[in-house]
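# Understanding the architecture of this molecule
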Amino acid sequence: MLRKLLKWLILLGLLASVPFAVWIWWLDTQVVARFEGQKWQVPSEVYSAPMVLQDGSPWRKQDLESVLAEYGYRFGKNSQKVGWAARSQIKVSAHLRDYTDHTGYHPASRRVFSFANGVLQIQDVSGKRYRTAVLEPQKIGYLYGGNTENRDILVYEQIPSSLIDILTITEDRDFFHHFGISFTGIARAALVNLSSGSRRQGGSTLTQQLIKNMFLTSDRTYSRKVTEVFMALLLEYRYSKEDIITAYINEVYLAQEGDSALHGFAAASEYFYGRPVNELNLGEQALLVGMVKGPSLYNPRRNPERAKQRRNVVLDLLFEQGRLTQPQVAALKKQPLRLTTEGKRRSAYGDYLDLVSMQLERDFDQAALATKNLRIYTALDVRAQNAALQAMQDRVATLVKQKPALEGLQGAMVVTDRESGQVRAVVGSSDKLYSGFNRALGAVRPIGSLAKPPIYLTAIASGRYTWWDRIQDEPKQFKVGNSIWEPKNYSRDVHGEVPLYEALAKSYNLATIDLAYALGFDRVAQTLRDLGVKRPFTMYPSVALGSLELSPFEVARLYQPLASTGNSAELGVVLSVMDQTGKVLKRFDQSSEVPFTQQALSVTLAGMTKSPEIGTARAAQAQLPWLRFAAKTGTTNDQRDSWFVGITGDYLSTVWLGQDDNSPMNITGSSGAQWVWIDFAKTLPQRSLAKALPEGANYYSVTLDDFEIAADRCDDKIELPFIEGTEPQSSTSCFWSF
């Protein structure tokens, strides 16, 4: 009887083991599926352009110090360590970090910067002069495609050994010796917690915590705990300790950044300290490790004192294990938190990320962008972006304070590199935080007088007109359908016969429409399309005075061929996309084909410098007397839109102000958008627009009344740019005849 019972028990045991084996097999497939190949669903990382500091460019010492701080450089007594900087009364030295992008590997370098007369000089510690120094690209955000997690991925070799020590001592002292679960760890934690009267240590191993974070819920049930134990055993069987600790350091949840969960120590280091994790000191690493126990409870921004106390508990554990001396612990406990500004990346770069996403949608699958951890290198200039954002927010606040009726005033700004056309900054809102509606891309509004420079380019390029030639600023009527359109000057005055340069500088509507009529409206429409207007439009006469509707980004594209004098015809946003191995998947090149000669474009651009001298941009010239620049203001009917375009030696900047409901405002291009640009140019010093013209064009002094080249002794004259062959063929000495 006993033997028969034993047989049945063995048989039942075998039968029961089958579902258990199937369950274990299923758990194993789950573990392997997540750890083979792509272990995490990781969004693509977006980087700024490297910041190139040029010897001889305008820089202030305080500005470079601010940039280095923005980049996470730490100031001390010297700059011998990478990521550190030092300063004296007249100089700044910095040990610049290395980086790799689509152009290759760039090693770390130590440079000394001086600022004689506001001009940057670059040397090494031996005094050797350098033409440039380069700050590494900055991570400005992620492309999620529906993913709401922030991660910065580290490989094992990139993880500081001190971080591993602090983590294992605090969370799992036996990590490198157990097989997934630790009975001694459970016993030790229980003893410590009982003796201290509080929960200072947990019994779960790092492997178990990783399983819970990656596969399971936080429900405290026996079935979940049993599943956790067996999955931990399988994970340890399948993978090395290095793989597991690396996964944990990249996976652990540490904070919330806006709507996104922030995972991993690398991302937390950038978020809280603005520096890579390998540049944190032991106290800062201890604080991040301490947050593992309660990311919300010990968040140093929300609960700084509680976070500091938790950091100190971790430091005491390091002392108990002989990793720190008592004086070292005491010194680290005295250190303040020194956190970076909260949400800086989101508020500063959200509008630019919209542009990046829009460009990449044409070439990359959204799922790949959201999960493959691609590295996207852009043209964004961190310094220009911050300056544009500050100028927009501060000036709009000032305008609203001066005129409360402007409450709700919005704005947008696009800044491009004048030569290359690469987009350096995008501001899509005057709000303090990222608003979600990007007006730089989505606010399609009439461009007003910004439509005029293309008309004058058409005239100059035709060879029939020069800046000296006269046009009629007189009332005109045009039949449009069954109605009569009768344009007027903004001032309601008429000025009779005026030269082209004055008509553009002072933005005379009647003179401009006279010129457009003489050239032919169809020819003007073709110029607009040649310069990059892709949006369909019908060429009514009113288009010549700005009824054409474009977004600020489209206006920037319209002006880029003119600003670059033909060197670039398109705007560049994404420069390249690389995978995790460093392989370049795609480079993005811009078109430079412009159907106008460099001479015509250069002469037109030079003519636009008259606006700051004698025209509607005189306020900007008065505020920036040292700067030579080209400009154009724009105001639409009933002052519904305020526009300004400024072109310096470095940047083409397009500014728009208006109300989202398109209601009238009591500001013009001169009194509104122009002042945003003035603030921007003051915050970000720029080089003057070069006066030199290309071969085939030249400046001539011409008498005001007669089309003659004027001698030096002549008084009534003006210097104007000409395409060679269109200048006056006679000259005058200005001697009185007897």
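Each chain carries its own residue numbering, running from 1 in the direction its sequence is written. Local features in this predicted model are restricted to residues whose pLDDT is 70 or higher, and side-chain atom pairs enter the listing and the counts only when it is 80 or higher, whereas totals over whole chains, interfaces and linings include all residues. In computing side-chain properties, one takes all heavy atoms of the structure into account and sets aside hydrogens as well as water.

So, on to the overall build of the protein. The way it works is that DSSP assigns letters per residue, a run of H or I at least four long becomes a helix, a run of E at least two long becomes a strand, and they are numbered from the N terminus. Of regular secondary structure, the protein possesses 24 helices and 33 strands. A simple rule labels every residue: compare its accessible area, found with a 1.4 Å probe on the protein chains alone, to the largest value its type can have, and call it buried under 20%, exposed over 50%, or partly exposed in between. Out of the 738 residues in the protein, the part that is buried amounts to 54%. Contacts are assigned to residue pairs that have any heavy atoms within 4.5 Å of one another. For the protein, long-range pairs separated by at least 24 residues make up 67% of all intrachain contacts whose partners lie at least 6 apart in sequence. When the accessible area of the protein is evaluated, it comes to approximately 33000 Å², of which 51% is carbon and sulfur surface. Note that accessible areas follow from Shrake-Rupley with a 1.4 Å probe, and for residues the cover is restricted to the protein chains shown.

Summarising burial for strand β5 (residues 91-96): five of the six residues are buried, a large majority. A pair of strands is labelled paired if DSSP reports no fewer than 2 bridges between them. With three bridges connecting them, strand β4 (residues 84-87) and β5 associate as antiparallel partners. Bridge assignment links Ala-86 to a residue of β5, and that residue is Ser-93. Between β4 and β5, which pair antiparallel one after the other, the connecting turn spans three residues. Two elements, β5 and strand β8 (residues 109-114), share six bridges in a ladder whose sense is antiparallel. From the neighbouring strand, Ala-94 faces β8, where its bridge partner is Arg-111.

The next point concerns the state of the cysteines. To count as a disulfide, a pair of cysteine sulfur atoms needs to be within 2.5 Å. The final tally for this structure, using the stated rule, is one disulfide. Note on cysteine connectivity: Cys-714 is disulfide-linked to Cys-734, with sulfurs 1.7 Å apart. Because the torsion about its S-S bond is 110 degrees, the bridge between Cys-714 and Cys-734 counts as right-handed. With Cys-714 in the loop between β31 (709-710) and β32 (717-723) and Cys-734 in the segment after β33 (731-732), this residue pair connects regions lying 20 residues apart in the sequence. With a relative accessible area of 35%, Cys-734 lands in the partly exposed category.

Another point: the sheet that holds β8. The six strands lie next to each other as β3-β4-β5-β8-β9-β10, forming an open sheet whose pairing is mixed. Bordering the open sheet on either side are β3 (74-75) and β10 (129-130), each of which pairs with just one other strand. Across the sheet, helix α2 (residues 61-70) touches β3, β4, β5 and β8, and the angle it forms with β5 is around 25 degrees. Axes here refer to lines fitted to C-alpha atoms; in helices the fit is confined to the stretch in contact. Angles between the N-to-C directions go from 0 to 180 degrees.

Put simply, a patch holds well-exposed residues, over 30% relative accessible area, that have no salt bridge, with like charges counted together within 9 Å and Val, Leu, Ile, Met, Phe, Trp or Tyr side chains within 5 Å. Salt bridges are defined by distance alone: a side-chain nitrogen of Lys or Arg within 4 Å of a carboxyl oxygen of Asp or Glu. Positive residues here are Lys and Arg, negative ones are Asp and Glu, while His and the chain termini are left out of the count. For this purpose, a charge sits on NZ of Lys, CZ of Arg, CG of Asp or CD of Glu. Taken together, the side chains of Asp-705, Asp-706, Asp-715 and Asp-716 present a region of like negative charge at the surface. Inspection of the secondary structure assignment puts Asp-706 in the loop between β30 (697-703) and β31.

Let us now look at the packing of aromatic side chains. Pairing of aromatic side chains here covers Phe, Tyr and the six-membered ring of Trp, requires ring centres within 6.5 Å, and sorts the geometry by plane angle: under 30 degrees stacked, over 60 edge-to-face, intermediate tilted. Tallied over the entire structure, the rule returns 14 aromatic pairs. On the basis of an interplanar angle of 15 degrees and a centroid distance of 5.9 Å, the ring pair of Tyr-456 and Trp-467 is categorised as stacked. Of this pair, Tyr-456 sits in helix α16 (residues 452-462) while Trp-467 sits in the loop between α16 and β20 (470-473), and the two are 11 residues apart along the sequence. Exposure class is identical for Tyr-456 and Trp-467. Each is buried. For a lysine, the NZ atom is tested; for an arginine, the CZ atom; a charge sits over a ring if that atom is within 6 Å of the ring centre and within 35 degrees of the ring normal. The ring of Tyr-73 carries the charged tip of Arg-97 above its face, separated from the ring centre by 4.2 Å. When the ring centre of Phe-175 is taken as reference, the NZ or CZ atom of Lys-241 above it lies at 4.5 Å.

Along the polypeptide, Asp-172 turns up in the loop between α3 (161-171) and α4 (183-196). Judged by relative accessible area, Asp-172 falls into the buried class, the value being 5%. Those residues within four positions of Asp-172 in sequence are excluded, and the remaining contacts are Leu-167, His-178, Thr-205 and Leu-206.

Turning next to the environment of Ser-564. With respect to the helices and strands, the residue Ser-564 is situated in the loop between α20 (552-563) and β25 (574-578). Ser-564 sits 143 residues away from Gly-421 along the chain, and the two C-alpha atoms are 7.6 Å apart. When residues no more than four places from it in sequence are discounted, the contact partners of Ser-564 are Arg-418 and Glu-419. Within polar-contact distance, the side chain of Ser-564 engages the backbone oxygen of Pro-561 at 3.5 Å. Under this definition, polar contacts are N or O atom pairs within 3.5 Å; protein pairs additionally need one hydrogen-donor-capable and one acceptor-capable atom, and for neighbouring residues in sequence, both atoms have to be side-chain atoms.

Turning our eyes to something else, we now look at the sheet that holds strand β17 (residues 410-417). Sheet architecture is open: five strands sit in the order β18-β17-β29-β28-β27, paired in antiparallel fashion. Looking at strand neighbours, the two that pair on one side only are β18 (423-427) and β27 (630-635), the edges of this open sheet. Averaged over all adjacent pairs, the angle separating strand axes in this sheet is 5 degrees, with direction ignored. Where β17 and β18 come together, four bridges link them in antiparallel fashion. Each bridged residue has a counterpart across the sheet, and for Thr-416 the counterpart in β18 is Val-423. In this fold α20 packs onto β17, β18, β27, β28 (641-647) and β29 (651-658), with an angle of close to 150 degrees to the strand it touches most, β29.

On to unusual backbone geometry. Unlike most non-glycine residues, Arg-338 shows phi in positive territory, near 55 degrees. With respect to the helices and strands, the residue Arg-338 is situated in the loop between α11 (326-334) and α12 (344-360). Although it is not a glycine, Thr-565 adopts a positive phi angle of roughly 50 degrees. Given the relative accessible area of 11%, Thr-565 is considered buried.

The next subject is helix α14 (residues 382-402). Each helix should span, by expectation, one fewer than its residue count multiplied by 1.5 Å. Between its terminal C-alpha atoms α14 stretches 30 Å, which fits the 30 Å expected from 21 residues at 1.5 Å a residue. The backbone nitrogen of Arg-383 lies 2.9 Å from a side-chain oxygen of the residue at the head of α14, namely Asp-381.

Here we come to the packing of α16 against helix α21 (residues 598-607). Helix-helix packing: each pair is described by the crossing angle between the helix axes and the interaxial distance. Look at α16 against α21: their axes get within 9 Å of each other, and the N-to-C directions meet at 130 degrees. In terms of orientation, α16 lies oblique with respect to α21. Both α16 and α21 take part in a crossing whose hand is right-handed. Across from Pro-453, Tyr-456, Leu-457, Ile-460 and Ala-461 in α16, the residues of α21 making contact are Ala-600, Leu-601, Val-603 and Thr-604. In terms of residue class, the contact of α16 with α21 is made up of eight nonpolar, one polar and no charged. Angles below 35 degrees are treated as roughly parallel, those above 145 as roughly antiparallel, those between 65 and 115 as roughly perpendicular, and all remaining angles as oblique. In this scheme, a crossing is called left-handed if the near helix is turned counterclockwise away from the far one by less than a right angle; it is called right-handed if the turn is clockwise. Residue polarity follows a fixed list, in which Ala, Val, Leu, Ile, Met, Phe, Trp, Tyr, Cys and Pro are nonpolar, Asp, Glu, Lys and Arg are charged, and the others, Gly among them, are polar.

Once that is clear, we can look at the pattern of salt bridges. Within the structure shown, the criterion is met by 26 salt bridges. Note that Asp-514 and Lys-476 form a salt bridge whose closest N and O atoms lie 3.9 Å from each other. In this pair, Asp-514 sits in helix α18 (residues 509-519) while Lys-476 sits in the loop between β20 and β21 (478-480), placing the two residues 38 residues apart along the sequence. Here Asp-514 matches Lys-476 in class, with each residue buried. Here the residues in one salt-bridge network are Glu-45, Lys-139 and Arg-375, joined through shared partners.

Let us now look at the side chain of Ser-79. As for its placement among the helices and strands, Ser-79 is situated in the loop between β3 and β4. Taking the relative accessible area as the measure of exposure, Ser-79 reaches 0% and is therefore buried. Engagement of the side chain of Ser-79 in a polar contact is seen with the side chain of Ser-93, the distance being 3.0 Å. In this structure Ser-79 touches Trp-84, Ala-85, Ala-86, Ser-93, Ala-94, His-95 and Arg-110, once residues within four positions along its chain are discounted.

So, on to the nonpolar core. Nonpolar core, defined: a set of buried Ala, Val, Leu, Ile, Met, Phe, Trp, Tyr and Cys residues in which side-chain atoms within 4.5 Å join the residues together. Ranked by internal contacts, the top residues of the largest apolar core, which has 147 residues, are Leu-53, Leu-360 and Trp-677. Per-element accounting of this core gives the leading share, 10 residues, to α14. If sequence neighbours within four positions are ignored, Leu-360 has contacts with Leu-143, Leu-369, Ile-376, Val-574, Val-577 and Phe-588. Membership of the second largest hydrophobic core comes to 46 residues, among which are Leu-210, Tyr-248, Leu-262 and Ala-268.

As for its placement among the helices and strands, Ser-653 is situated in strand β29. Beyond its immediate stretch of four places on either side in the chain, Ser-653 contacts Met-413, Val-414, Val-415, Phe-644, Val-645, Gly-646, Trp-677 and Phe-680.

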